[in-house]
Structure formats: C-alpha cells, structure tokens
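# Observations on the three-dimensional arrangement
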Amino acid sequence: METTTSPAFAELQQAFLQHFDRNFERLFSQDLPFIQQKRKKARGLFEQQGFPTSKMESWRKTNLQPVLQRNYRFNLQQGQSNNPLGALLKCEIDRFNTDIFSLVNGLWLENQSTSGITTFPDGTVVGSLRAAMHLMPQLFEKYYGQSVVNNHHGLIALNSALFENGYFIYVPKNVDHQPSIQMVNMLNSVDSIFVNTRNLVILEENASLQLVHCDDSMENQPSFINNVTEINLEAGARLDYYKLQNQDDQTALMTTTFVRQWNDSNFQSNTIVLNGGLVRNDAHVSLLGQGAHAEVVGLYLMDRKQLVDNHVFIDHAVPHCTSSQMFKGIVDDQARAVFNGHTLVRKDAQKTQAYQSNRNIQLSSQSKVDSHPFLEIYADDVKCSHGATVGQLDAQAMFYLMQRGICERNARMLLMVAFVEEIIQKIDLPNLQKSIDELVRKRLKGELTSCESCSISCVDPDKPIHFEIDMSKI
C-alpha cells in the first residue's frame, strides 16, 4: 500500500487538506461528477471546522487530542485490496448462516468478486461503494449524501471529502433478503493508518434485511477509523442492524450513522462494544413518515483506560411515530463511559411515543460514567420518558447469591451476566445471539472479573445453569 506520512496533531488538518489537493485527480477522477463536487464542498467545510475539540458541547467528554498526536499514514490506493481473504477474516462472530463480505484498511477485498459487486437472485446488490456508484448511478443521485449533515463536526466533513471506499447494499421493493449479510471491517497494517470509510444502505418499499457489521483489528497498531454510514428505509421497510466492535486498545473508532425512515418503516439497531481504546458511536435517526419506529439499543464493556461515547439523536418530525433507546454498560479500572441520548419531538409530531434508558455498573472507584438522557418536546399529545442510573453491584444482591453457596467472584459474574442479558436478548438471530452471549461472558470473565473457577466456564452452553435473580437489587 503506497502511503504518505502525516505530521503530528498540530499540522494534521493541514496534512489532510494537502493530501486532498495533491491527489484529487489521481484518487477521485473516476467518481461521479456530483460526488466530486460534494467532496470539494466537504473539503472546504473541513478546512473551516477542523477536528472536534472538547470545547464543543457534544465533545466535552471525548478528548481526541491524544489519538491525533500520532504520525498517521494516508492511503494512496483506492478501490480494492488484494489481501488474502482467509488470513484476514478473524471476526469472532461466526457459526451462523450469513454471507460474509470484508473491507481491509478501508478497501474492498477484491477476491470477493472481480467487479466488486455481487447481485443475488432476488435482485439484492452488495458490494464496493466505489464500484456501485458506476453500476447504479441513479440510486446514488437519489440517496447519496441526502441524510448526511457535514457541518455537525469536522470528522463527517473529512469523511465526505476523503473516503476511500466502503460498502453498498441495495434491497429491492418487497424483497425479504435471506440469509443475513455480514460486513467485516478489518484493520491489518503494520503502520499507523487513518482510514475513512463510507457506507450506503438502501431498502426500498417493504424490503427487509438483517445486517451485521463487525469492526476488528489484527496488528494492534495505533490507528484511526472514521466511518460514516447512510441508511434509507422506504415505506414499510425493515432493517435489523447489529454493530459488533472489538478493536484493540491502540485504535480510535469513530462511527456516525444517519438513518432516514418513511411510513411504517422499522429500524432495529443493537451496538455491542467489547473492546476499544477510544470508541465513539453517533446515531442520527430521522422519523419522516407516520408509523415509523426506531429502536436503538447498546451494550458496552470497558476496562483499563478505555473510553466509549454513545450519542443518539432521534428526530420525531411527523405524528404517530415511536422510538426507544436503551443502553447498558459495565466499566472497570480507569475506564470511562459517556451516553448522550437526545429525542426531539417537533410541534406537529402529535401522538409520539418515545423512551430513553441508560443503566450503568461501576466496578471500581476510578471508573467514570457520564449519562445525559434528554427530551426536547414541542408537541402536547405525547408519551415520553427517560431515566439513567449509575451504581455498583448491590450488596443485597451479592448476599442473595452467596447465601446459595456461590462464591463472591462468581456472584459478581452472575450479576453482571444478568445485567447485560436484556440487551443480548434483543438480538433476533438465534445463532448470533448465542455467539454474542458467549463473547460477553468471556469478556466479563477474562478482563472485568478474574475467577479461574467461575461456574459459567464449566457449564455446557447448550444446558446452562439458570439462577433466579431479582433484577431490582442490581
């Protein structure tokens, strides 16, 4: 991979701008003309905005300065990667019926298809974003960039200007695509790289899809991933969207997802954060058609000096829509977790139902949780509520289990497993749910609580031991 090296944080913005100006023709001359224009406009916005700083209200708890004070390399290759497929797909989530595709260092893996595009018998199209823009230019004219707000912060504008590639998914009208699609976004570089990826997902009327997006890394090198995903759900469409994040402690992962929903569409999102040095997930959901429903849930398990920041904004723009946010987290050591949930109910959005919940367990006095659920309501005929809790494992719950002959360490483990189970149970793919449950238990046992004799590790996964636990005591 041909690269150029960027200077440190003080000059990083200028390095990106120079990279854009010097390499525009080489990198983007094959793009559709309107995308080239969007790139140039976004470049100007990034020059004005720069990188987000802790002086911005929505970034007060997330300091990017440490991860931007590194020498990153920029990718001067566009399109596809020729890395061997078998050596790269190390995503821990397997053993369920799915079609797997992969991006490596922001590039589409070329040996998945010679053209970069796979067309299924039902008309569903999956492939490289750069290849799809030429195959389906009318769809790109209609959907690309329509939901993205580049002026939210500089990382979005940077992505719009310099994205290398990403994935494209199109499901035609009335198609229930099976099996599920799994996208593995893999880092595999001995250098510290800065990767901008862009994804576009389109579901036409009454279409449905289950999509699993995995973020993973191999080399444990300090790297930065800046990902933007656009999702458009036409009337009656349904998307089950699972994001599984298991990055190394050296990687910064920034994901921004924009969702537009029309009449009676259904968006189910479940984000599981197992590891990552600095992880930020932004979701912007616009309910634009009556009867639309969005459920955005998540789970994060952080320890050491890890940081996770989840921001969710749901815009109820029309009447008779529903939304739900539920995030749970466990933090240990010096880890930090941030949750910002913002639900906007506009003046004409009567009969809205919207709920927010964020619950956290702190396992150490050095860990920190900042939770900010927020309702902004301008309509008067609505049902809305929000709540947040931050605390430790309840002593009464510990006593409750230890009275039944369970050691203290195993009791802590069982309470944590019970705490996270509600999020895991919202996974509708049975084999995926089982795999995630195993990974979460492994993560809790191996890094949040150390117990060589933990009863969970000795249990037949097909015949688990069940304890009746009063969740109100946790």
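Notes on the structure follow. (Residues numbered from 1 in each chain as written. Predicted model: local features only at pLDDT ≥ 70, side-chain atom pairs only at ≥ 80, totals over all residues. Heavy atoms only, no water.)

Here N159 shows up in helix 7 (residues 154–162). Its relative accessible area of 0% is what places N159 among the buried residues. Reaching out from N159, the side chain makes a polar contact with the backbone oxygen of N226 at a distance of 3.0 Å. Apart from the residues lying within four places of it in its own chain, the contact partners of N159 are N196, T197, R198, N226, N227 and V228. (Helix = DSSP H or I, 4+ residues; strand = E, 2+ residues; numbered from the N terminus. Buried < 20%, exposed > 50% of the residue type's maximum accessible area, 1.4 Å probe, protein only. Polar contact = N/O pair within 3.5 Å; in protein donor to acceptor, adjacent residues only side chain to side chain. Contact = heavy atoms within 4.5 Å.)

Attention now goes to the pattern of salt bridges. Applying the stated criterion across every chain yields a total of 22 salt bridges. Note that R304 is salt-bridged to D303, the shortest N-O span being 3.2 Å. For the salt bridge of K328 with E422, the shortest nitrogen-to-oxygen distance reads 2.9 Å. With K328 in strand 19 (residues 322–331) and E422 in helix 9 (residues 408–424), this residue pair connects regions lying 94 residues apart in the sequence. (Salt bridge = Lys/Arg side-chain N within 4 Å of Asp/Glu carboxyl O.)

Looking at the second largest pocket, its volume works out to about 450 Å³. In terms of lining residues, the second largest pocket is bounded by 22 residues, among which S58, R280, H311, N340 and H342 are the most central. When residues of the lining of the second largest pocket are traced back to their parent elements, those giving at least two are strand 16 (278–287), strand 18 (307–316), strand 20 (336–345) and strand 22 (368–377). (1 Å grid on protein atoms, 1.4 Å probe; cavity = no way out; pocket = protein on both sides within 12 Å on 5 of 7 lines; lining within 4 Å. Points joined across faces, edges and corners; volume = space filled by probe spheres on them.)

Attention now goes to the side chain of S223. Structurally, S223 is set in strand 12 (residues 223–233). For S223, a relative accessible area of 3% puts it in the buried group. Discounting residues that sit within four places of it in the chain, S223 has contacts with R70, Y72, L187, D191, S192, I193, Q250, T251 and A252.

Turning next to the sheet that holds strand 22. Strand-to-strand pairing in sheets goes through backbone hydrogen bonds, with the strands running parallel or antiparallel. Read across the open sheet, the 10 strands follow the order 6-7-8-10-12-14-16-18-20-22; overall the sheet is mixed. Edge positions in the sheet fall to strand 6 (117–119) and strand 22, since each of these pairs with one other strand and no more. The average angle at which neighbouring strand axes cross in this sheet is 5 degrees, direction not considered. By the bridge criterion, 11 bridges tie strand 12 to strand 14 (residues 251–261) in an arrangement that is parallel. Its bridge partner being in strand 14, T229 is matched across the sheet by T257. The strands that helix 7 touches are strand 10 (194–203), strand 12 and strand 14; relative to strand 10, the one it contacts most, it runs at about 85 degrees. (Pairing = 2+ DSSP bridges. Axes fitted to C-alpha atoms, helices over the stretch in contact; angles between N-to-C directions.)

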